[in-house]
Amino acid sequence: MRFLPLILKNSLRNRRRSFLTISSLAISLCLLGVLMALYYALFFSEPKADQALRLITRHRVSITMVMPLHYRDKIRAVPGVREVVTWQWFGGMYKNEQREQKYFFPRFGVEAARMFDVYRNFEIPEDQKQAFMSDRRACILSRRVAEAQELKIGDRVYIKGNIFPIDLDLTVKGIYDMDDGNEGLWFHMEQIEEGLKRLGSSRSFAGTFTILAESPEAVPRIQNAVDEMFANSEAPTRTETEQAFGLSFLAFLGNIKLILMSICAAVTFTILLVAANTVAMSVRERVREVGVLKTLGFTQQKILGLLLGESLAISLIGGAIGLLLAQGLCRVLAVGLAGFVPPDQLTIQLPVFLALLGISLLIGVASSAVPAWNAARTPILDALRVTD
Amino acid sequence: MSNEPIIRTSDLHKKFVRDEFEVHALTGANLEVHRGEFIALMGPSGSGKSTLLHLIAAMDRPTAGAIEVLGQDIASLSESAVARWRNHHIGFVFQNFNLIPVLTAHENVELPLKLTHLKKGERHQHALTALKLVGLSDRTDHYPRQLSGGQEQRVAIARAIVTDPDLLLCDEPTGNLDARSAQEVLTLLARLNKEHGKTIVMVTHDPHAAHFASKIRHLDKGELLPEGEVPEDWRAAPMASDDKT
Ligand SMILES: Nc1ncnc2c1ncn2[C@@H]1O[C@H](COP(=O)(O)OP(=O)(O)OP(=O)(O)O)[C@@H](O)[C@H]1O
Ligand SMILES: [Mg+2]
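Description of the structure in this document. Note that this is a predicted model, so its numbers are computed, not measured.

1. Points about the environment of F205(A)
All names here are of chain A.
Okay, so step 1: With respect to the helices, strands and loops of the structure, F205 is situated in strand β11 (residues 205-206).
Okay, so step 2: On the accessibility criterion, F205 (26% relative accessible area) is partly exposed.
Okay, so step 3: With 136 residues separating them in the primary sequence, F205 and L69 have C-alpha atoms 4.2 Å apart.
Okay, so step 4: If we ignore the near neighbours within four places in the chain, the residues touching F205 are V66, M67, P68 and L69.

What follows is the structure, encoded as structure tokens:
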């Protein structure tokens, strides 16, 4: 493309304006990129093999309501179920978490004896696993949490209860990796039961059951069977895939899909307006130059190509910077959203990359099509007469 | 030098219609220019000099009459064919230089070559040669704003001749220049005409500039006067005002 140097020089001719335009494009496209990455990770990412086998059963009315513990054995008996484990979101406060967000991480009380049979993708050294299972005051941490909180094996972790009036005094016995982005601290659920017993109340109920299906085909069947089984009991249930369960947390925020989509659309439209305004301005200033180029023998089509090319150059530069920013921001967000979105999914994946590229191109063309076309068609003498 | 004229207009008319006004910019111009000639077109402001030049360069179309340039009936060419034709055969020099500000002298000169099939290296070389011809080989990397008016105009001339066109059309090339720069530019044009055989049509107000041409033709109120004739009131008025430039 022998005109590329000319195109680039022209598109960057007004330094300040180019800088402002490119920055606003970059920032908007960064925002767009993050939103689309989030959308993609939430609604399109393939569950990991094991995750696709897991279902979560909770109280039909609300996640905060509990179900009798004996449900576990009934669920276990449903055909296609390989194993069931119950676990409880503990909440609580670590250090001065209420003031400093950085101390937050999820904490789960779990039936330690079964958890590794259901969550088969825990990667943890065998000795650490045994050490955890055999000590009721032990806990294990995901690597990211351990690093963020600067905790290592043997350290004590104090968690002040808030949902439950119980304080935990735990010892780190293991550090695990998990490919589906599970982040948090796991401890023996008996800690909650015993604590409650000491306070005079007993607990034989569960907040959530995680089911491991024997095969992906069994998943929908189990889902129906479990919910039907308890439909008319005192605690009706709701069973969904682990992925859908993760999303239902976000549903507290409203219709996430619609919100994300409308923000994306609004952002795209805004960038389009900003870009169109800039291009119109820069083309108008240069109608005379169009006359000069025509005098030198440039055809209408060539000039149209040059003007479109300039606008494309700007929007692609902006898009590329935006993409890099978005990728960086996704990294940061992935840590914060680890509980909801698998961190390795929250990146600019190929479809999102292509979509952003397409939007950049679209903005480049759409913003300049009309002014470029008008300028290219201006009769040569009219163009030359324009004084700047 | 063949005797076949390379520009021939017969009974050329150009009428502009702006709103309800009609302006007859040219009323039946008959011009013949032969290869190797250096013609100066003179005449008072508004007499149709630029209009005639634009018609020759096919930058505009006549309202009536025939125009043949280099054996080509340019009025019959399509828009893009005209553009290509102009790129090959015409070099145009403006009064106000019209260089592209974001390009260096060398890049400006190279620009018309980008429309040809020449390779990068050849384009580079041709542009250098043209700049050398106008005496600016030491200014190749300067941007227009770093050049004096006279230098800018010489770059513009280099740009006009870089494709080795048959015809060089200049619309008041010294109109924006001080006397010394004007002298340089005119000397250059005369040299291009004599040494390189370029046919030149130059519009000018300045009798001194016209002096460099081999032939002078006068226009008056859209009428191209026969060879050797001048407008009646010419000698009295314009001389005095032209001394200012
Ligand atoms: N595009 C146009 N629309 C309307 N009228 C025009 C247009 N171009 C030129 N004219 C008119 O045609 C006449 C001849 O104009 P032209 O530019 O050829 O004059 P000129 O001899 O070059 O004058 P000057 O010495 O001032 O450059 C003028 O009256 C001018 O106003
Ligand atoms: Mg004129």
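2. Here's the deal with the packing of aromatic side chains
Okay, so step 1: Evaluation of the coordinates by the stated rule reveals 17 aromatic pairs over all chains.
Okay, so step 2: Summarising the aromatic geometry, the rings of W89(A) and F108(A) are spaced 5.6 Å apart at their centres and angled 75° between planes, so their arrangement reads as edge-to-face. With W89(A) in strand β3 (residues 81-89) and F108(A) in strand β5 (residues 107-110), the pair connects residues that are 19 residues apart, well separated along the chain.
Okay, so step 3: According to the relative accessible area criterion, W89(A) is partly exposed, its value standing at 33%.
Okay, so step 4: A centroid spacing of 5.1 Å and a plane angle of 50° characterise the contact between F92(B) and F94(B), whose relative ring orientation is tilted.
Okay, so step 5: Take F92(B): its relative accessible area is 5%, and that puts it in the buried class.
Okay, so step 6: Taken together, the aromatic side chains of W87(A), W89(A), F108(A), F116(A), Y119(A), F122(A), F132(A), Y176(A), W186(A) and F245(A) make up a single cluster linked through ring pairs.
Okay, so step 7: The ring of F105(A) has R107(A) sitting right over it, with the charged end atom 4.2 Å from the ring centre.

3. Here's the deal with the pattern of salt bridges
Okay, so step 1: On inspection of all chains with the given rule, the structure shows 35 salt bridges over all chains.
Okay, so step 2: Here R154(B) ties to E184(B) by a salt bridge, and the two come within 2.9 Å at their closest N and O atoms. Pair noted here: R154(B) is in helix α5 (residues 149-161) and E184(B) is in helix α6 (residues 179-196), with a separation of 30 residues, a long-range link.
Okay, so step 3: Three or more residues are tied together by salt bridges with common partners; here these are R72(A), D73(A), R76(A), E83(A), E111(A) and R114(A).

4. A word on the side chain of E240(A)
Residue and element names in this part refer to chain A.
Okay, so step 1: Assignment of secondary structure puts E240 in strand β13 (residues 237-241).
Okay, so step 2: There is a polar contact of 3.4 Å between the side chain of E240 and the side chain of R58.
Okay, so step 3: Apart from the residues within four sequence positions on either side, E240 is in contact with L55, I56, R58, Q223, F245 and S248.

5. What about the sheet that holds strand β9 (residues 215-220) of chain B?
All names here are of chain B.
Okay, so step 1: One open sheet holds the six strands; their spatial order is β6-β7-β8-β3-β9-β10, and the pairing between them is mixed. Since the sheet does not close on itself, it has two edges, and those belong to β6 (90-93) and β10 (223-224), each with one partner.
Okay, so step 2: Pairing of β6 with strand β7 (residues 167-171), which is carried by four bridges, proceeds in the parallel orientation. Within the sheet, the bridge partner assigned to F92 lies in β7 and is L169.
Okay, so step 3: Its contacts with the sheet place helix α2 (residues 79-89) against β6 and β7, and it is angled at close to 80° to β6.
Okay, so step 4: Packed onto the sheet, α5 meets β6 and β7 and runs at close to 165° relative to β6.

6. Quick look at the interface of chain B and chain A
Okay, so step 1: Listed per partner, the contact involves 31 residues of chain B and 23 residues of chain A.
Okay, so step 2: Regarding the contact of chain B and chain A, the summed buried area is about 2,300 Å², with carbon and sulfur atoms giving 62% of it.
Okay, so step 3: Of all residues in chain B, V102(B), K114(B) and L115(B) bury the most surface against chain A, accounting for 24% of the area lost on that side.
Okay, so step 4: Summed over the shared surface of chain B and chain A, the result is two salt bridges.
Okay, so step 5: Between E107(B) and K9(A) there is a salt bridge whose closest N-O contact spans 2.7 Å.
Okay, so step 6: Linking chain B with chain A are six residue pairs in polar contact (both at pLDDT 80 or more), by the criterion used here.

Rules used in this analysis
- Residues numbered from 1 in each chain as written.
- Chains lettered and ligands numbered in written order.
- Predicted model: local features only at pLDDT ≥ 70, side-chain atom pairs only at ≥ 80, totals over all residues.
- Heavy atoms only, no water.
- Helix = DSSP H or I, 4+ residues; strand = E, 2+ residues; numbered from the N terminus.
- Buried < 20%, exposed > 50% of the residue type's maximum accessible area, 1.4 Å probe, protein only.
- Contact = heavy atoms within 4.5 Å.
- Phe/Tyr/Trp six-rings, centres within 6.5 Å; stacked < 30°, edge-to-face > 60°.
- Lys NZ or Arg CZ within 6 Å of the ring centre and 35° of its normal.
- Salt bridge = Lys/Arg side-chain N within 4 Å of Asp/Glu carboxyl O.
- Polar contact = N/O pair within 3.5 Å; in protein donor to acceptor, adjacent residues only side chain to side chain.
- Pairing = 2+ DSSP bridges.
- Axes fitted to C-alpha atoms, helices over the stretch in contact; angles between N-to-C directions.
- Buried area = accessible area lost by both parts, 1.4 Å probe.

In short, geometric facts, not functional conclusions.
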